[in-house]
Structures are given as C-alpha cells and as structure tokens.
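Residue-level structural notes
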Amino acid sequence: MHVLWVKTDLLHPVNSGGRIRTYEMLREISRQHEVTYLALDDGRVTPDALRRASEYSARVELIPHAVTSKTDPRFFVELGLNLTSGQPYVLDRYKSQAMGERVAQLCETGVDVVVCDFLFPAPSMPAALPVPRVLFQHNVEAKIWERHAQVGRTPFHRAYFRLQHQRMHRAERELCEGFDWVVAVSEKDATTFREEYGLDRVSSIPTGVNTGFFAAGDPGLRRPNHIVFLGSMDWMPNIDGVQWFVEDILPQVRQTLPDVTFSIVGRDPTPAVKALQGNGITVTGTVDDVRPYLNEASLFVVPLRVGGGTRLKLYEGMSTGIGTLSTTIGAEGLPLADGVHLRIADDAGATARAVVEMLRDRDGTQAMGTRAAAHVREHFGWESVARSFMDVCEQVRIAPVAVG
C-alpha cells in the first residue's frame, strides 16, 4: 500500500510522545508499505532531521510555512488577534493552502490512503480526494483545553482556556466528520468521539513501547527517596503537572521525608519550569538518553491534571521496571490496574501520602515495577500496534463500512 502521511513537522529529534508514537509506528509500517511523508517547514528544519526521515519514509516533501515561535513577541500578538477569530489558535497557525494543493497533486500519483497525523494539519486537507482519508487522533484535543480551563491559575487563564475549548470542540467535531475514518489511541478516546461528536467511523489502536530500548534496569542503582518525571517541558499539561507536584505535593512529602529529591527530565523547559530548580529539584532540559534518569530513581511520577490520548511516558518508565505513581488522567486510556501495575492518586494529599508509602516500601514498589515491566513488554510492542493501524487503513481502502 502507498501511504501519504501528512504532519506539521518532521520527527527528529524524537523527543515528544506524539513524535515517538509516529516514529515507531512508521518505522514498522515502512518495512511493509511505501510511505510518502509530507510536512511543513518553518525554516528551522535541520539537515539531520531531513536526512533521518529515510528511517521512516521512502520519500519526504516539505512545504514552506511560517510558524511563529512561542518565544517570539509576535506570538502573543497573534494570540490577541486570534480572539476575534472563530477558530482555535493552534489550528489557525498551521493552516496551509500550499499543503492542501500538494496533497491533492500527490493523490493523483498512485497513493492508496492519506493519513492526517494529529488534528493540526486537518484544516489544510482538501474537502474531496480520490482516495480515503484517515485522521490519526493522538488526543481528544478539546478535552485538553477543557481540563486547562478547570485548573487554570487565574480567572483570565480559565476564561481564555474555556474560549479555546469551545472553539476546539466545534472545530474538532467538524473536522473529524470530514474524514473517512478516525483512529484514536485508546478505546476511551474512541468512545468520546462516538458519544460527544456523534462519529460512527472510528476505532482505536493500543499504545506501544520500544521494549528493546527501554530494557529493565538494575534495582541496585536506584537512589533512595529520588523521584523522576519524564516529558516534554514545553507542553502545557506537563508544565502544569510538575508545578502542581513541586508546589502542592512535594512540601507535604518532605514533612515525612525531608531528603526527597526530584528530577524533571525533558526538552525545552519553559522559564516557569526552570524556576523550579533548586532545593533538591533538578531541571535537566534536553538529554541524549532518558534511561539513566529512569534507572537511578526510586519512583516515577505522572502528576497530570490535564491531557488527552495516552501517555507513552508511562509505558517507557514501566518497561524499565520502575515503580510508578500517576493521576487518573495520567494513566487514562491504558489497560493498567491500580495497585497491580501502578498506584493511582488524584488530589495533592492522597498523592503525597502515596509518594511517602511507595518510597518507604522499596521492596513492594520494586515488585510492582517488575510486574508492570512484564505486562508492558509482553503486550505492547510497536510491531503489533503498527499492524493494527494498517489493518484499519486497508479496510478503509477496500470497504470503509467494514471497519470495526
């Protein structure tokens, strides 16, 4: 099958959950199928990212498109101007007429199916194509904005997030309706698409992990009372999560365990995240390899109050055998059992108590990590995930109504 894969960016460096999921799937897909990869180029595509696109596609094409950096003062001007628009800002900034025109042209050259990766390229897609169109939804995007509105730090933030949620809910529903099929990353998300958006052409695939890369670590290397968080630190749900953990949870933990330390590991930390550095808290920024940080910690935390889709970071951490504590949202959509594969706690007090209990019970926490590693490694390799995705594409190409 010839797949035209449409995304807003190239995949290297592979340093975020969305990029990891797409990269690992496409590496497997490209072993059996022909992949043409179409992306936007904001002028910052590196030669390495372009060269390494051959790892997941037979050919790559780039469409020039200016995207204002979040560190540019013009970014905040655009946010203000967007208030008069009826569309979410995150969709407006990636809309490209040139990308839509190139998609239409490529579909006349033997493409069998078009995959739109994430919602962001969807506004650029032509209304009609001669081949089926599949929307790969890593999240329910509107749900993320709804949760931001619930936990916003000021009345202004909450009002702004509510506006973006309303716009995204409407836009996401309309865009999803225009595709031949929607693929979600969990059955929970698929159910949301069916029940809230009225979609009937939707199915789900599981989340995977590179079990060869994230091998089980040596329990003897774990530092007592050391906690780690892993995630892209320029993504708002992660920023909110680590701020909440440091400001509301860690002080309660230190009333019992004053020597506890915490590492925040992930790319591009914002100034707000960098400000958390100190007093036993380390903000690493981009690292070449996250495994040493996972292997030396006694506890892996996923304190997310905002998010959608599924968190690859959970499977990555679990695959190394580390004991894990998450919120319900952090583990959302994953087939994991509280008390068996991880611990679940949602409010600050319950989370602090769970942290103390898990750090004190080193043997019990390690046993839980070992169980979780075995569960993840047995069931969630990327080869089977990619096969499930391509089964959907094949069925949509042959007979859309037959896909379950």
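The preceding data block contains the structure.
These notes cover the structure that comes with them. Note that this is a predicted model, so its numbers are computed, not measured. Residue numbers restart at each chain and count upward from 1, following the sequence in its written direction. Note on the predicted model: pLDDT of at least 70 is required for a residue's local features to be given, and 80 or more for side-chain atom pairs to be given and counted; whole-chain, interface and lining totals, by contrast, use all residues. Note: side-chain values were computed over all heavy atoms of the structure, leaving out hydrogens and water.

Okay, the nonpolar core next. Soluble globular proteins tend to pack their nonpolar side chains together in the buried interior. Within this scheme, the nonpolar core is defined by two criteria: the residues are buried Ala, Val, Leu, Ile, Met, Phe, Trp, Tyr or Cys, and they are joined through side-chain atoms within 4.5 Å. Each residue gets one of three labels from its accessible area relative to the maximum for its type: buried under 20%, exposed over 50%, partly exposed in between, using a 1.4 Å probe on protein chains only. Formed by 54 residues in total, the largest nonpolar core has its most connected members in Ile-227, Phe-262 and Ile-264. Among the elements of the structure, strand E8 (226-230), helix H9 (236-254), strand E9 (261-265), strand E10 (281-285), strand E11 (299-302), helix H12 (312-319), helix H13 (348-360) and helix H14 (362-379) are those that each provide at least two residues to this core. The helix and strand labels rest on DSSP assignments: H or I over at least four residues marks a helix, E over at least two residues marks a strand, and numbering proceeds from the N terminus. Here this core takes 8 residues from H9, the largest share from any one element. Formed by 43 residues, the second largest nonpolar core is a distinct cluster that contains Cys-107, Ala-122, Leu-175 and Val-202.

This paragraph deals with the side chain of Lys-143. Note that Lys-143 resides in helix H6 (residues 141-151). Side-chain polar atoms of Lys-143 contact the side chain of Glu-196, separated by 3.4 Å. Contacts are assigned to residue pairs that have any heavy atoms within 4.5 Å of one another. Non-local contacts of Lys-143, meaning those with residues more than four positions away in its chain, are made with Glu-196 and Gly-307. N or O atoms within 3.5 Å of each other form a polar contact, as long as, within protein, one can give a hydrogen and the other can take it, and as long as residues adjacent in sequence are counted only when both atoms are side-chain atoms.

A few words now on the packing of H9 against H13. H13 packs onto H9 with a crossing angle of 55 degrees between their chain directions and a minimal axis gap of 8 Å. On the basis of their axis angle, the class for H9 and H13 is oblique. Every pair of crossing elements has a handedness; the one defined by H9 and H13 is right-handed. On H13, the residues that touch Trp-244, Phe-245, Asp-248, Ile-249, Gln-252 and Val-253 of H9 are Ala-348, Gly-349, Thr-351, Ala-352, Val-355 and Val-356. Residues belonging to the contact of H9 with H13 are distributed by class as follows: 8 nonpolar, 3 polar and 1 charged. A fitted line through C-alpha atoms serves as each axis, taken over the contacting stretch for helices, and the angle formed by two N-to-C directions is quoted from 0 to 180°. In what follows, roughly perpendicular refers to angles from 65 to 115 degrees, roughly parallel to angles under 35, roughly antiparallel to angles over 145, and oblique to any angle outside these ranges. The crossing is said to be left-handed when, going from far helix to near helix, the turn is anticlockwise and less than a right angle, and right-handed when the turn is clockwise. In the scheme used here, Gly and all other residues not listed as nonpolar or charged are polar, with Ala, Val, Leu, Ile, Met, Phe, Trp, Tyr, Cys and Pro taken as nonpolar and Asp, Glu, Lys and Arg as charged.

The omega angle of the peptide bond from His-12 to Pro-13 is 0 degrees, so this bond is cis rather than trans. Position of Pro-13 relative to the elements: it lies in the loop between strand E1 (2-6) and helix H1 (17-32). A positive phi angle, close to 75 degrees, is found at Phe-118, a residue other than glycine. Here Phe-118 shows up in the loop between strand E4 (113-117) and strand E5 (133-137). The backbone of Asp-268 sits at a positive phi, close to 45 degrees, despite the residue not being glycine. Take Asp-268: it is sitting in the loop between E9 and helix H10 (271-274). You can call Asp-268 partly exposed: its relative accessible area is 44%.

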